[in-house]
Amino acid sequence: DDGDDANGQIELTLTDFDDTVLGTQDNSLFDISYHLSQDDADSNSNPITSPYSNTTAFSYQVFVRIENNLNTNCYDTGNFTVNVNPVPIALNITLVQCDEDGINDGLTTFNLSEANEELANGAAGLNIKYFLSLTDAENSTGEIEAFPFTNTQNPQIVFAQVINDITGCFNISQISLEVSLTS
């Protein structure tokens, strides 16, 4: 992983595909190698090692060679396409509201969905979900309602998943909720 979630490059553990490539065949009977071209797979040259970090962004083909352990002249090749879906850009933001309930305790009701456009950086095709903790946001558990949401401390951080509606890929934003006390 190069740390850039939007450039279409990932570190891929090729051996994770072994069972899919072999199907119901006994994996102890075969050697599997992965290649970047059909010619390399056919000649069993230049195998790529796992984990593999792609240099072609977003979509590329991997060629596989399945070779019989007992007779290396007996082999088959195939290929599959790896599609890397970038995560959406998600911005950290601050929402500020006045404490208007007359108690002046720093607590008020927020409508978190007011932040949706800014969280999504104005991009279309994104959905926003809210969570009280980073762990909940990372695991998609404990989603909270956007409205009404009353903060329990001032300031308070809530977390938002910014989700691509098509790919399901998401990024996480922090929303700082700040309540301005009235005099």
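First things first, this report covers the structure right here in the doc. (Residues numbered from 1 in each chain as written. Predicted model: local features only at pLDDT ≥ 70, side-chain atom pairs only at ≥ 80, totals over all residues. Heavy atoms only, no water.)

For the rest of this paragraph, the subject is the overall build of the chain. When you go through the chain residue by residue, the secondary structure sums to four helices and 11 strands. Since a compact globule built from 183 residues should have a radius of gyration of about 16 Å, the 25 Å found for the chain marks it as more spread out than a globular shape. Taken over the C-alpha atoms alone, the chain extends approximately 85 × 30 × 25 Å along its principal axes. Burial statistics for the chain: of 183 residues in total, 32% are counted as buried. Taking contacts inside the chain between residues at least 6 apart in sequence as the whole, the part at least 24 apart equals 62%. As displayed, the chain has an accessible area near 10,600 Å², and 46% of this comes from carbon and sulfur atoms. (Helix = DSSP H or I, 4+ residues; strand = E, 2+ residues; numbered from the N terminus. Rg over C-alpha atoms; globule rule 2.2 N^0.38 Å. Buried < 20%, exposed > 50% of the residue type's maximum accessible area, 1.4 Å probe, protein only. Contact = heavy atoms within 4.5 Å. Areas by Shrake-Rupley, 256 points an atom, 1.4 Å probe, with all protein chains shown as cover.)

Its location among the elements puts Arg-65 in strand S4 (residues 59-68). By relative accessible area, Arg-65 is classed as buried at 5%. When near neighbours in sequence (up to four residues on either side) are disregarded, Arg-65 contacts Asp-31, Ile-32, Ser-33, His-35, Ala-41, Asp-42, Ser-43, Asn-44, Thr-72, Tyr-75, Asp-76 and Thr-77.

As a further point, take the sheet that holds strand S11 (residues 170-180). One open sheet holds the four strands; their spatial order is S6-S11-S10-S8, and the pairing between them is mixed. The open sheet has two free edges, formed respectively by strand S6 (93-98) and strand S8 (126-131), since each of these has just one partner strand. Going from strand to strand, the sheet's axes swing by 30° on average, the running direction of each strand aside. (Pairing = 2+ DSSP bridges. Axes fitted to C-alpha atoms, helices over the stretch in contact; angles between N-to-C directions.)

The next thing to look at is the pattern of salt bridges. By the definition in use, this model includes one salt bridge. For Arg-65, the salt bridge identified is with Glu-67, shortest N-O distance 2.9 Å. Each member of the pair, Arg-65 as well as Glu-67, is classed as buried. (Salt bridge = Lys/Arg side-chain N within 4 Å of Asp/Glu carboxyl O.)

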